Amino acid sequence: MLKQELKKRNLPPLKSREEMMEILQREEYGYLPENNFEISVSNEKLLESRFDKGNVALTVVDFTLTNQYGSHTFPVHRMLHKDGKKHPLVIYTNFHTAVPNNYFPTEELSETEFDFITFNYTDVTSDDMDFTTGIAPLIFPNGRQTDTDCGKIMMWAFTNMRVLDYALTLPGTDADNVAIAGHSRLGKTALVTGMMDERFSFVCSNNAGCSGDAISRGGSGLPDEKGNFAVEKEFRGETIDFMIDVIPQWFCKNYYKYKEQNYGTDFDQHFLLASIAPRNVCVNAAELDFWADQKSEQLCCLAAGEMWENMGLTGMQECDHYLEPRESLLEGNVGFFMSPTMHFMSRYAWGKYLEFIRKHRHN
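Residues numbered from 1 in each chain as written. Predicted model: local features only at pLDDT ≥ 70, side-chain atom pairs only at ≥ 80, totals over all residues. Heavy atoms only, no water.

1. Looking at the overall build of the protein
Turning to step 1, where the next piece is worked out: Counting its regular elements, the protein contains eleven helices and ten strands.
Turning to step 2, where the next piece is worked out: In summary, the protein has a C-alpha radius of gyration of 19 Å against a globular reference of 21 Å for 363 residues, a match within 12%.
Turning to step 3, where the next piece is worked out: The burial tally for the protein puts 60% of its 363 residues in the buried class.
Turning to step 4, where the next piece is worked out: The contacts in the protein between residues at least 6 apart in sequence include a share of 70% that link residues at least 24 apart.
Turning to step 5, where the next piece is worked out: Within the protein, one finds 35 positive and 52 negative side-chain charges whose respective centroids are separated by 1 Å. (Helix = DSSP H or I, 4+ residues; strand = E, 2+ residues; numbered from the N terminus. Rg over C-alpha atoms; globule rule 2.2 N^0.38 Å. Buried < 20%, exposed > 50% of the residue type's maximum accessible area, 1.4 Å probe, protein only. Contact = heavy atoms within 4.5 Å. Lys, Arg positive; Asp, Glu negative; His and termini not counted. Charge placed at Lys NZ, Arg CZ, Asp CG, Glu CD.)

2. A short note on the packing of aromatic side chains
Turning to step 1, where the next piece is worked out: Scanning all chains against the criterion turns up 22 aromatic pairs.
Turning to step 2, where the next piece is worked out: Centre to centre, the rings of Phe63 and Phe74 are 5.4 Å apart; their planes meet at 50°, and the pair counts as tilted. With a gap of eleven residues between them, Phe63 in strand β2 (residues 56-67) and Phe74 in strand β3 (residues 70-81) connect regions that are remote in the sequence.
Turning to step 3, where the next piece is worked out: For Phe63, a relative accessible area of 0% corresponds to the buried category.
Turning to step 4, where the next piece is worked out: Given a relative accessible area of 2%, Phe74 falls into the buried group.
Turning to step 5, where the next piece is worked out: Judged by centre distance (4.8 Å) and plane angle (75°), the ring pair of Tyr121 and Trp156 falls under edge-to-face. Residue Tyr121 is found in helix α4 (residues 121-124), and its partner Trp156 is found in helix α6 (residues 152-167); the two are separated by 35 residues along the sequence.
Turning to step 6, where the next piece is worked out: The class of Trp156 is buried, set by a relative accessible area of 0%.
Turning to step 7, where the next piece is worked out: Of note, Lys152 hangs over the ring of Phe131, and the distance from its end group to the ring centre comes to 4.8 Å. (Phe/Tyr/Trp six-rings, centres within 6.5 Å; stacked < 30°, edge-to-face > 60°. Lys NZ or Arg CZ within 6 Å of the ring centre and 35° of its normal.)

3. Comments concerning helix α11 (residues 347-360)
Turning to step 1, where the next piece is worked out: An ideal rise of 1.5 Å per residue puts 20 Å on 14 residues; α11 measures up with 20 Å between its terminal C-alpha atoms.
Turning to step 2, where the next piece is worked out: All of the buried residues in α11 are Ala349, Trp350, Lys352, Tyr353, Leu354, Phe356, Ile357 and His360. (Expected span 1.5 Å × (residues − 1).)

4. A few points about the packing of α6 against helix α7 (residues 185-196)
Turning to step 1, where the next piece is worked out: Where α6 contacts α7, the two axes come as close as 8 Å, and the packing angle between them is 60°. One element, α6, and the other, α7, form an angle in the oblique class. Along this stretch, α6 crosses α7, giving a crossing that reads as right-handed. Contact with α6, carried on its side by Ile153, Met154, Trp156, Ala157, Asn160 and Met161, involves Arg185, Leu186, Lys188, Thr189, Val192, Thr193 and Met196 of α7 and no other residues of that element. (Axes fitted to C-alpha atoms, helices over the stretch in contact; angles between N-to-C directions. Parallel < 35°, antiparallel > 145°, perpendicular 65-115°, else oblique. Left-handed = near helix turned anticlockwise from the far one by under 90°.)

5. Considering the sheet that holds strand β10 (residues 334-339)
Turning to step 1, where the next piece is worked out: Reading across from one edge, β1-β2-β3-β5-β4-β6-β7-β8-β10-β9 is the order of the ten strands in this open sheet, with mixed pairing throughout. Each of the sheet's edge strands pairs with one partner strand only, and the pair in question is β1 (38-51) and β9 (328-329).
Turning to step 2, where the next piece is worked out: With six bridges connecting them, strand β8 (residues 280-286) and β10 associate as parallel partners. Residue pairing in the sheet places Cys282 in a bridge with Gly335 of β10. (Pairing = 2+ DSSP bridges.)

6. So, the pattern of salt bridges
Turning to step 1, where the next piece is worked out: In total, this model carries 21 salt bridges according to the counting rule given.
Turning to step 2, where the next piece is worked out: The residue Glu27 makes a salt bridge to Arg26 at a minimum N-O spacing of 2.8 Å.
Turning to step 3, where the next piece is worked out: The partner of Arg361 in a salt bridge is Asp174, with the nearest N and O atoms 3.8 Å apart. Taken as a pair, Arg361 in the segment after α11 and Asp174 in strand β6 (residues 173-183) lie far apart in primary sequence, 187 residues in all. (Salt bridge = Lys/Arg side-chain N within 4 Å of Asp/Glu carboxyl O.)

What follows is the structure in structure tokens.
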């Protein structure tokens, strides 16, 4: 049934990784200019040392990015084991500076074998059309000049990559098993990070929806009679039109031309997931997250899976129906599951992502 549904969407065929990356940067997320940044870390503070019998410590450091145009400093939290062993690492782009928070449950996560590094995305640059905050003026000292200059999603992705640079200098980081994770707009950011940086073996996208992990063609993005995309009403998925009207700062200006058409002429979001192959990607849809259009999220994973299959790997695990809450498909290199929640990075989602990583971890 799902393959028939997918055919109705009439998606453009997948291309090489290089071609898909080029299209997605040029048409949707924008290009990062050439820039050499130096990284420095200072002022480590211990926040909690009692996790897991004292084997895990929560600390915060000042993380500074510096280039010829200046520097920007923001706090980065680290939850690292102290046992002298190598541990898989998850870098999580957060909605909050304070740790712990609802999206980052330190007590539960500390009881796993994983290390974690997290930072607040708005500490990097503001989530608006102001391109003079945080690292933005270091990337674009003269402001954005062209239609292909990157938006904020690519800037947050860039920061994920610089945090990885630092993480790989830590003695406990298992470099073969590093994941990037994010929720909603930061799920889109995680996917873009995975597209841009092959050092991430795992990409975890939570409820990213339109312009993230949901295909746009044939999507169910329809506002109600008042023009609202109401979460409590089924199949009110966001659209490119909505994105450009409300949150244009996330994208390059080239993306604006798809506002009325509501999909890219020769690309769709399965390109983004497929660009991560042969590495691993896991997508979570949520039972009540209608604005992300759960059906289009599952179909996006199915369509992208062809890239892995062409490499002799496994795309999304065989399935002939749209998932129900608490169902999961984690055996393939493209994982997908349905959490019994609204639009939220829940403890249930964290558990499934870590289960997926364990299944596909490099020994």
